[in-house]
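Summary of the model geometry
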Amino acid sequence: MIWVLGELRGSSIAPSTFEALYAGRILSKGLKTGLNLVFVGHDIKIQPEAILKKADKIYLLEHELLNVYTSSACGAAVERFLADKDAAAIITPASLFGRDAAPALAVPLDMACIANVSSLDARDGIILVKRPLYGGKIIETLSLKGRAVISVMPRAFKAAEDMDYDGEIISVDASLGETDCPVSVKETVKEGGARDITEADILVSGGRGMENAENFSLLKELADALGGQVAASRAAVDAGWAPPSIQVGQTGRTVAPKLYVACAISGAPQHLAGIRGAKYVIAINKDPDAPICKEADLCMTGNVFEIIPALIKEIKAAALR
């Protein structure tokens, strides 16, 4: 059996869950086995029509200690739930949730943990996975003869569509005690109202050359005109101009938008590694020899504070035609 650990955002299912389901479907077909989905939480409410035809069974693993996510409680609950069940592989999104949960599941279940997978298949009972290493400079191919917890890169797989599954939603009381949750979450603070940048189709990202936090309002104006979101390089986040939740790069988020606009970003290797999956990259930089310009599909050379307002003007004018 292939299991997918789904991610919830309140009463909504995170889009990354459907990508993980598609990856799980590939393995279930290759290994000729079933596909189940499990959510972890408390008083879980999901829309059945969104999920019933995408898996054989959907389990809602619930306990009051799972009201707020912690890796210890989630790991303990899922490990005990799967202890007497067949699990050839567990698939999770490589989101902040999945990256934290995957090792918490792999250790107690005595399974390998393979992170940030961009491609997978199964042949003759063996799971084959590929993932980028060293900032995407090489692709590692692994053959897994044992069981594994696998996290899949954002946008590496398309969202699973409805199939001929006769899905069934089953609520299960998780087996947990107070000792299973040594960490107590006192407060959860959400930064702004924007969705996770890993799910955005268009990102407008700013770097050190934006000079200060106030100038990020210019990026917001361009992002709004394009129907996208604002992101930032590590240098901008370290300077306090943007929150860590929108940092792009190896030490931030790996993104794969349809369009990535890099504004005043030089293009350090760790940043370039975070945008390898972008479909189209536009760089705005005063230095035509900057590393980001060599990677971009289009490089606009000049003053970012002159080019961005001109772009906004043209985009708004085009929208009125």
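Residues numbered from 1 in each chain as written. Predicted model: local features only at pLDDT ≥ 70, side-chain atom pairs only at ≥ 80, totals over all residues. Heavy atoms only, no water.

1. Describing empty space enclosed by the protein
Which entries qualify depends on this criterion: Cavity: a set of points on a 1 Å grid over the protein atoms alone where a 1.4 Å probe fits but cannot get out. Pocket: an open set with protein on both sides within 12 Å along at least five of seven lines, its lining residues, like those of a cavity, having an atom within 4 Å of a point. Grid points are joined across faces, edges and corners, and a volume is the space filled by probe spheres set on the points. Charged residues are taken to be Asp, Glu, Lys and Arg, nonpolar residues to be Ala, Val, Leu, Ile, Met, Phe, Trp, Tyr, Cys and Pro, and polar residues to be all remaining types, Gly included.
By the definition in use, this model includes one cavity of 30 Å³ or more. Here the largest cavity defines a volume of roughly 70 Å³. Lining the largest cavity are A94, S95, L96, R99, P154, D196, T198, R253 and T254. Class assignment of the residues belonging to the lining of the largest cavity gives a composition of three nonpolar, three polar and three charged.

2. A short note on the pairing of strand β4 (residues 35–41)
Both faces of the sheet carry side chains from a regular strand, because those side chains alternate between them. To be explicit about the condition: Accessible area is worked out with a 1.4 Å probe on protein chains only. A residue is then buried under 20% of its type maximum, exposed over 50%, and partly exposed in between. Helix and strand labels come from DSSP, where a helix needs a run of H or I of at least four residues and a strand needs a run of E of at least two; each type is numbered from the N terminus. Think of it this way: DSSP has to see at least two bridges between two strands before they count as a pair.
With respect to burial, β4 is a largely interior element, seven of its seven residues being buried. A two-sided burial pattern is seen for β4, the buried positions comprising L35, L37, F39 and G41 on one face and N36, V38 and V40 on the other. Pairing geometry for strand β1 (residues 2–5) and β4, over four bridges, is parallel. Each residue of the ladder has a partner; that of I2, found in β4, is L35.

3. Focus: the sheet that holds β4
The strands making up a sheet associate through backbone hydrogen bonding, with each pair oriented either parallel or antiparallel. Condition: Structural elements are reduced to axes, namely lines fitted to C-alpha atoms, with helices fitted over the stretch in contact, and the angle between N-to-C directions of any two is expressed from 0 to 180 degrees. In what follows, residue pairs with any heavy atoms lying within 4.5 Å of each other are defined as contacts.
As summarised here, the arrangement of the seven strands in space is β7-β11-β6-β1-β4-β5-β12, forming an open sheet in which the pairing is parallel. Every other strand in the sheet has two partners, leaving β7 (112–117) and β12 (168–173) as the edge strands with one partner each. Direction aside, the axes of adjacent strands within the sheet are offset by 20° on average. Summarising the sheet, strand β5 (residues 57–62) and β12 pair through six bridges and their orientation is parallel. Opposite L60, over in β12, you have S171 as the bridge partner. Each of β1, β4, β6 (89–93) and β11 (148–152) is contacted by helix α1 (residues 15–30), which is oriented at about 155° to β6, the strand it contacts most.

4. Section: the nonpolar core
Quick note on the threshold: Nonpolar core, defined: a set of buried Ala, Val, Leu, Ile, Met, Phe, Trp, Tyr and Cys residues in which side-chain atoms within 4.5 Å join the residues together.
Judged by nonpolar contacts, the single largest core of 42 residues is most densely connected at F216, L219, Y260, C263, I292 and I308. Here I308 is in contact with L218, L219, L222, C263 and I284, once residues within four sequence places are set aside. Within the second largest apolar cluster, 32 residues are counted, among which are A55, I91, L144 and A148.

5. Considering the packing of aromatic side chains
Let me state the cut-off plainly: Here a Phe, Tyr or Trp ring, Trp counted by its six-membered ring, pairs with any other such ring whose centre lies within 6.5 Å, and the pair is stacked when the planes are under 30 degrees apart, edge-to-face when over 60, and tilted otherwise. Either the NZ atom of lysine or the CZ atom of arginine qualifies as a charge over a ring when it sits within 6 Å of the ring centre and within 35 degrees of the ring normal.
Under the defined criterion, the tally for this structure stands at four aromatic pairs. With a centroid separation of 5.7 Å and 85° between ring planes, the pair formed by W3 and F81 is classed as edge-to-face. Here W3, found in strand β1, pairs with F81, found in helix α2 (residues 71–82); they are 78 residues apart in sequence, far enough to count as distant. Using a relative accessible area of 9% as the deciding quantity, one classes F81 as buried. Here the aromatic residues W3, Y59 and F81 are joined through ring pairs into a cluster of three or more. Sitting above the plane of the F81 ring, K85 keeps its charged end 4.1 Å from the centroid.

6. A short note on α1
Note the cut-off: Given the number of residues in a helix, its expected span is that number minus one, multiplied by 1.5 Å.
Counted at 1.5 Å a residue, the expected span for α1 with its 16 residues is 22 Å, and the 24 Å between its end C-alpha atoms agrees. Among the residues trailing α1, K32 stands out with phi positive, at a value near 55°.

7. Quick notes on the state of the cysteines
As used here, a disulfide is simply a covalent bond connecting the sulfur atoms of two cysteines. Spelled out, the test is: A pair of cysteine sulfur atoms is labelled a disulfide when the two atoms are within 2.5 Å.
Considering all chains together, one arrives at one disulfide under this definition. Between the sulfur atoms of C293 and its disulfide partner C299 the distance amounts to 2.4 Å. Taking the relative accessible area as the measure of exposure, C299 reaches 27% and is therefore partly exposed.

8. A word on the packing of helix α4 (residues 216–226) against helix α8 (residues 304–320)
As a reminder of what qualifies: Orientation labels follow simple angle bins: below 35 degrees gives roughly parallel, above 145 gives roughly antiparallel, 65 to 115 gives roughly perpendicular, and whatever is left gives oblique. Handedness of a helix crossing follows the sense of rotation of the near helix relative to the far helix, less than a right angle counterclockwise being left-handed and clockwise being right-handed.
Running from N to C, α4 and α8 cross one another at 25°; their axes reach a closest spacing of 10 Å. Considering the angle they form, α4 stands roughly parallel to α8. α4 and α8 meet at a crossing whose hand is left-handed. Across the interface between the two elements, L218, L219, E221, L222, A225 and L226 of α4 pack against F305, I308, P309, L311, I312, I315 and K316 of α8. Broken down by class, the residue content of the contact of α4 with α8 amounts to eleven nonpolar, no polar and two charged.

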